[in-house]
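Take a look at the letters that make up each chain.
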Amino acid sequence: MPNQPDILEKLVSLCKRRGFIFQSSEIYGGAGSVWDYGPLGVELKKNLKDRWWHAMVRARDDIEGLDAAILMHPRVWEASGHVAGFTDPLVDCRNCKKRFRADDPKIKGVPGTPEAQCPACGMKGTLSEPRMFNLMFKTFIGPVEDSASVAYLRPETAQGIYVNFLNVQQSTRQKVPFGIAQIGKAFRNEITPGNFIFRTREFEQMEMQFFVEPGTDMHWFEYWKEQRMNWHKALGLDPARLLFHQHTPEELAHYARAAFDIQFDFGGTLDFQEIEGVHNRGDFDLSRHQEYSGKKLEYFDQPNNRRYVPFVVETSVGADRTTLAVLVNAYREETVEGESEGRTVLGLHPALAPIKAGIFPLVKKDGMPEFAEKLANELRPQFPVFYDESAAIGRRYRRQDEVGTPYCITIDGQTIADGTVTLRDRDTLQQERIAAGRVGEVIRARLAT
Ligand code: GAP
């Protein structure tokens, strides 16, 4: 097992080499802390998002899906508190022009005083006093760049849900308690992004806002905490690497009555870090949107003939950050008995694996490639498969282990004689012989568990 700081470095290299994740605009030297998902990465992240969507929307009758636009009316961000409060304190070094968060532990002394030393160039007295820096990306709608046309790239997806609360409730006739879920891009001009896809300026969130009757909010808050923790465990994240962190009164966001993070142990210097937040937001958001829009956002409780503004319990998880957690959790290097070369394995949950089966003719003759290609074509509509006839069979297994493919099917001399193939399991390395005609059904059954 390599030590943890190595793992992030090794993952960055594996992700590039095998087509999971590339640096954005790499041929131009890269764009600041944004990443592109390659052929295998897009499948992995999509599988993760599909699992979330299935658990949160499709498998339940009390949560509706939504896909709101990234650009919204600028007043939304005044109402939400982001224009005034979504800020980080920033200091500049007058000498080397580098920027830091004022609370960066590498800064020695109080910024703005002669004693404070720049962590980059080492000069004393060159750090400015902290000034507040808004993390929202600003742009303009239409051809005129004036204050009337200002728009922001959304820094969270949640606001698209609040402003559509009544549209969704009335069109679906849902009754409180019910939720609205969406997956989408969010943008934050982070001052200190980094650690690969852990903190980036463009990322995807999977958010769900659950609307409840005031007074029942703490019950639902506990319910959602447990549901979400169980979801992460079912992804295969090691339970020993997951914990809840309760926000102290100082940590609580302006909108939150109570908040817990679900943290994952990324190892190395990252250690335990938030991957998801579960927040009891009270009626803050809906009330503010009522106030700023002048439109009522009340729920009418017919049995009790009463109108009220529901409270909201929010679950908010990063798709990219969870993808990183899944990769870190899955990465292992091991020795193989009887072989001089070790292997690198991504022990991904089979449902998340980008490729479900590798299909290999043992040798490139005696009808084996034709048989294997035919099988690959039969299986491809059922799940993603990868046909590979190049290099020694051991090499082909290793290539699939490294990208997390749970099964490999080999077509050999016996296949041509009796129609059976070998099915190799990535983790146990066990090989079993089964009829080629049963491979699809056997793998589908295993993927479903
Ligand atoms: N609506 C509530 C909200 O946005 P948050 O704690 O700011 O809460 C929720 O963000 C999740 O979004 C985080 O737990 C993290 O997984 C993800 N996230 C936030 N900022 C991110 C960034 N700069 N890069 C990658 N993921 C980020």
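Quantities reported herein were computed from a predicted structural model and do not represent experimental measurements.

Enquirer: Would you explain the pattern of salt bridges in this entry?
Expert: Side chains that differ in charge, positive against negative, can pair when their charged atoms come close. All chains considered together, the criterion is met by 34 salt bridges. Taking the shortest distance from any N to any O, the salt bridge between Arg343 and Glu334 comes out at 2.6 Å. On the basis of relative accessible area, Arg343 is assigned to the buried category, the value being 2%. Judged by relative accessible area, which is 26%, Glu334 ranks as partly exposed. Of the charged contacts in the structure, one is a salt bridge between Asp427 and Arg426, with a shortest N-O distance of 2.9 Å. Taking the relative accessible area as the measure of exposure, Arg426 reaches 3% and is therefore buried. When salt bridges with common partners are traced through the structure, they connect Arg332, Glu334, Arg343, Asp401, Arg424, Arg426 and Asp427 into a single cluster.

Enquirer: Would you explain the pairing of strand E19 (residues 357-361) in this entry?
Expert: Looking along a regular strand, one sees the side chains alternate between the two faces of the sheet. Counting buried positions along E19 yields 5 of 5 residues, so the element is predominantly enclosed. Residues Ala357, Ile359 and Pro361 of E19 are buried on one face, and the alternating residues Gly358 and Phe360, pointing to the opposite face, are buried as well. By the bridge criterion, 3 bridges tie E19 to strand E20 (residues 385-387) in an arrangement that is parallel. Its bridge partner lying in E20, Gly358 is registered against Phe386.

Enquirer: How should helix H6 (residues 165-172) be read in this particular structure?
Expert: Along an α-helix, residues three or four apart share an orientation, since each turn contains 3.6 residues. Inspection of H6 places Phe165, Leu166, Val168 and Gln169 among the buried residues, and these make up the whole buried set. For H6, the angular spread of the buried residues around the axis is 165°, confining them to a single face. Residues of H6 that are exposed and point over 90 degrees away from its buried face: Asn167, Gln170 and Ser171. The secondary structure elements touched by the buried residues of H6 are strand E3 (63-65), helix H5 (158-163), strand E9 (178-187), strand E10 (202-212), helix H8 (284-293) and strand E14 (299-301). Of the residues trailing H6, Arg173 is marked for its positive phi of about 55°.

Enquirer: Mind showing me how you'd approach the domain arrangement of the protein here?
Expert: Many structure descriptions define interface size as the accessible area lost when the parts assemble. Each assigned domain of the protein is listed here: domain 1 (8-72 + 158-328) and domain 2 (341-447). Taken residue by residue, the interface counts 16 residues in domain 1 and 13 residues in domain 2. Buried surface at the junction of domain 1 and domain 2, summed over both partners, amounts to about 1200 Å²; 68% is from carbon and sulfur atoms. Of all residues in domain 1, Leu14, Arg18 and Asn47 give up the largest surface area on contact with domain 2, accounting jointly for 35% of the area buried on that side. Taking the shortest distance from any N to any O, the salt bridge between Arg17 and Glu402 comes out at 3.0 Å. At the junction of domain 1 and domain 2, the tally comes to 5 residue pairs in polar contact (both at pLDDT 80 or more). Listed by contribution, the elements that provide at least two residues to the side of domain 1 that touches domain 2 are helix H1 (4-17), helix H2 (39-58) and helix H9 (319-330). It is H2 that provides the largest number of residues to the side of domain 1 that touches domain 2, a total of 6 residues. In terms of residue class, the side of domain 1 that touches domain 2 is built from 10 nonpolar, 2 polar and 4 charged.

Enquirer: How should I be thinking about unusual backbone geometry in this particular structure?
Expert: Glycine aside, the phi torsion of most residues is negative, and most peptide linkages are trans. In this structure, Pro177 follows Val176 across a cis peptide bond, with omega equal to 5°. Within the secondary structure layout, Pro177 lies in the loop between H6 and E9. Phi is positive for Asn195, which is not a glycine, with a value near 60°. In this structure, Asp271 is a non-glycine residue whose phi angle is positive, near 60°. Mapped onto the fold, Asp271 is located in the loop between strand E12 (258-265) and strand E13 (272-282). For Asp271, a relative accessible area of 42% puts it in the partly exposed group.

Enquirer: Help me out: how do you make sense of the site of the ligand in this one?
Expert: Near the ligand there are 19 residues, and of these Glu156, Glu190, Thr200, Glu207 and Glu274 occur at the shortest range. At 2.8 Å from an oxygen atom of the ligand is found a side-chain nitrogen or oxygen belonging to Arg188. In the environment of the ligand, a nitrogen atom lies 2.6 Å from a nitrogen or oxygen atom belonging to the side chain of Glu207. A total of 550 Å² of accessible area belongs to the ligand in isolation, and the protein chains cover 92% of it. Of all the secondary-structure elements, those providing two or more residues to the shell around the ligand are E10, E13 and strand E16 (311-318). Per-element accounting of the shell around the ligand gives the leading share, 5 residues, to E13. Tallied by class, residues from the shell around the ligand come to 4 nonpolar, 5 polar and 10 charged.

Parameters and conventions
- Residues numbered from 1 in each chain as written.
- Predicted model: local features only at pLDDT ≥ 70, side-chain atom pairs only at ≥ 80, totals over all residues.
- Heavy atoms only, no water.
- Salt bridge = Lys/Arg side-chain N within 4 Å of Asp/Glu carboxyl O.
- Buried < 20%, exposed > 50% of the residue type's maximum accessible area, 1.4 Å probe, protein only.
- Helix = DSSP H or I, 4+ residues; strand = E, 2+ residues; numbered from the N terminus.
- Pairing = 2+ DSSP bridges.
- Arc of directions from axis to C-beta.
- Contact = heavy atoms within 4.5 Å.
- Domains from an automatic or database assignment.
- Buried area = accessible area lost by both parts, 1.4 Å probe.
- Polar contact = N/O pair within 3.5 Å; in protein donor to acceptor, adjacent residues only side chain to side chain.
- Nonpolar A, V, L, I, M, F, W, Y, C, P; charged D, E, K, R; others polar.
- Near = heavy atom within 4 Å.
- Areas by Shrake-Rupley, 256 points an atom, 1.4 Å probe, with all protein chains shown as cover.

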